[in-house]
Amino acid sequence: MTSRLPKLVAFDLDYTLWDLWIDTHVTPPLRRVGSAVNEVRDRHDQKISFYRDVPKILHRLREAGVVIAACSRTHAPDLARRALNLLLVPPPAGHKGESPTPAVNFFDQMEIYPGSKIKHFKELHKKTGLPYSEMLFFDDEHRNKEVESLGVTFCLVQNGVDDRSFERGLAEWRKRHPVEVAEDASGDAVDVGQG
């Protein structure tokens, strides 16, 4: 099986990357306590943090050159952006001497506003020029599967994104887009099916 990744991977925020609804469970202002990594607190000390495997997944995508997008229909877009600005992602394993990175720096595109996810993906397509077939979307709400009408691969996550659900989403995307690119022995991408 190929290890090829989609050119764009998008994530919902609430109950996909973190375990709360930013627009109902969180009260501003938000703050980071000292140099806390992967933890932000609200006015009532409610903790906001990514699920355990999310930092590793973000690093993997960044290292592979995949466009990373946040697609949320929250009614508190400014609060969601503030949380992403304050959250610090730890360095990848084996890079302990490096500083943590603000989570917002991992997201190349952010479509964070109320409304249908169809609109979010039309905007991503317009801004990136990438075909919908090169997009994989992780979300906790089944209704957002509507993006598949555009050609986006949708992966429902029941308990937030973790390694297992991430690999399941990649496997589904690869199944729908079999061997579009193979690597030759030197690691260079080669178009398959072209003479």
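Our structure's up above, just so we're on the same page.
Presented here is an overview of the structure given in this document. Nothing here was measured: the structure is a model prediction, and the numbers come from that model.

1. Some remarks on the overall build of the chain
Now for step 1: A count of helices and strands for the chain gives four helices and eleven strands.
Now for step 2: For 195 residues, the compact-globule estimate of 2.2 N^0.38 gives 16 Å, and the chain sits close to it at 17 Å.
Now for step 3: Here the chain, with 195 residues, has 45% of them falling under the buried criterion.
Now for step 4: The contacts in the chain between residues at least 6 apart in sequence include a share of 63% that link residues at least 24 apart.
Now for step 5: A total accessible area of about 9,900 Å² is found for the chain, and carbon and sulfur atoms account for 49% of it.

2. Quick look at the pairing of strand E1 (residues 8-11)
Now for step 1: Every second residue of E1 is oriented toward a common face, with Leu8 and Ala10 on one face and Val9 and Phe11 on the other, all of them buried.
Now for step 2: Inspection of the sheet shows E1 paired to strand E4 (residues 67-72) by four bridges, in the parallel sense. For Val9, the partnering residue across the bridge sits in E4 and is Ile68.

3. Brief notes about the pattern of salt bridges
Now for step 1: All told, the structure shown has 18 salt bridges when counted by the stated rule.
Now for step 2: Through salt bridges with shared partners, a single ionic network connects Lys145, Glu148, Glu172, Lys175 and Arg176.

4. As for the sheet that holds strand E7 (residues 109-112)
Now for step 1: Within the open sheet, the five strands sit side by side as E7-E4-E1-E8-E9. Their pairing is parallel. Strands at the two margins of the open sheet, each flanked by one partner only, are E7 and strand E9 (153-156). In this sheet, neighbouring strand axes are inclined to one another by 20° on average, regardless of whether the strands run parallel or antiparallel.
Now for step 2: Summarising the sheet, E4 and E7 pair through four bridges and their orientation is parallel. In the strand pairing of E7, Ala69 is matched with Gln109.
Now for step 3: Across the sheet, helix H1 (residues 54-63) lies against E1 and E4, angled at about 155° from E1, the strand it touches most.

5. Examining the nonpolar core
Now for step 1: Counting residues in each nonpolar core, the largest one holds 42 residues, and the members touching the most others are Phe11, Trp18, Ile22, Phe50, Leu84, Phe138 and Phe166.
Now for step 2: Of all the secondary-structure elements, those providing two or more residues to this core are E1, H1, E4, helix H2 (77-86), strand E8 (135-139) and helix H4 (163-176).
Now for step 3: At five residues, the largest contribution of residues to this core is made by H2.
Now for step 4: Setting aside residues up to four positions removed in sequence, Phe138 forms contacts with Val9, Ala10, Phe11, Asp12, Thr16, Cys155, Val157, Val161, Ser165, Phe166 and Gly169.
Now for step 5: Ala10, Phe121, Leu124 and Met135 belong to the second-largest nonpolar core, a separate cluster that totals 13 residues.

6. Comments concerning H4
Now for step 1: End to end, H4 covers 20 Å across 14 residues, agreeing with the expected 20 Å (1.5 Å per residue, within 8%).
Now for step 2: Looking only at H4, the buried set comprises Ser165, Phe166, Gly169, Leu170, Trp173 and Arg174.
Now for step 3: Considering only its buried residues, H4 is in contact with E1, H1, E8 and E9.
Now for step 4: For H4, the N-terminal cap is Asp162; the gap from its side-chain oxygen to the backbone nitrogen of Arg164 is 3.2 Å.

7. Things to note about the state of the cysteines
Now for step 1: By the definition in use, this model includes zero disulfides.
Now for step 2: Not part of a disulfide, Cys71 finds its nearest cysteine sulfur in Cys155, a span of 15 Å.

What counts and what doesn't
Residues numbered from 1 in each chain as written. Predicted model: local features only at pLDDT ≥ 70, side-chain atom pairs only at ≥ 80, totals over all residues. Heavy atoms only, no water. Helix = DSSP H or I, 4+ residues; strand = E, 2+ residues; numbered from the N terminus. Rg over C-alpha atoms; globule rule 2.2 N^0.38 Å. Buried < 20%, exposed > 50% of the residue type's maximum accessible area, 1.4 Å probe, protein only. Contact = heavy atoms within 4.5 Å. Areas by Shrake-Rupley, 256 points an atom, 1.4 Å probe, with all protein chains shown as cover. Pairing = 2+ DSSP bridges. Salt bridge = Lys/Arg side-chain N within 4 Å of Asp/Glu carboxyl O. Axes fitted to C-alpha atoms, helices over the stretch in contact; angles between N-to-C directions. Core = buried A, V, L, I, M, F, W, Y, C linked by side-chain atoms within 4.5 Å. Expected span 1.5 Å × (residues − 1). Polar contact = N/O pair within 3.5 Å; in protein donor to acceptor, adjacent residues only side chain to side chain. Disulfide = S-S within 2.5 Å.

Scope: geometric values only; no functional claims are made or implied.
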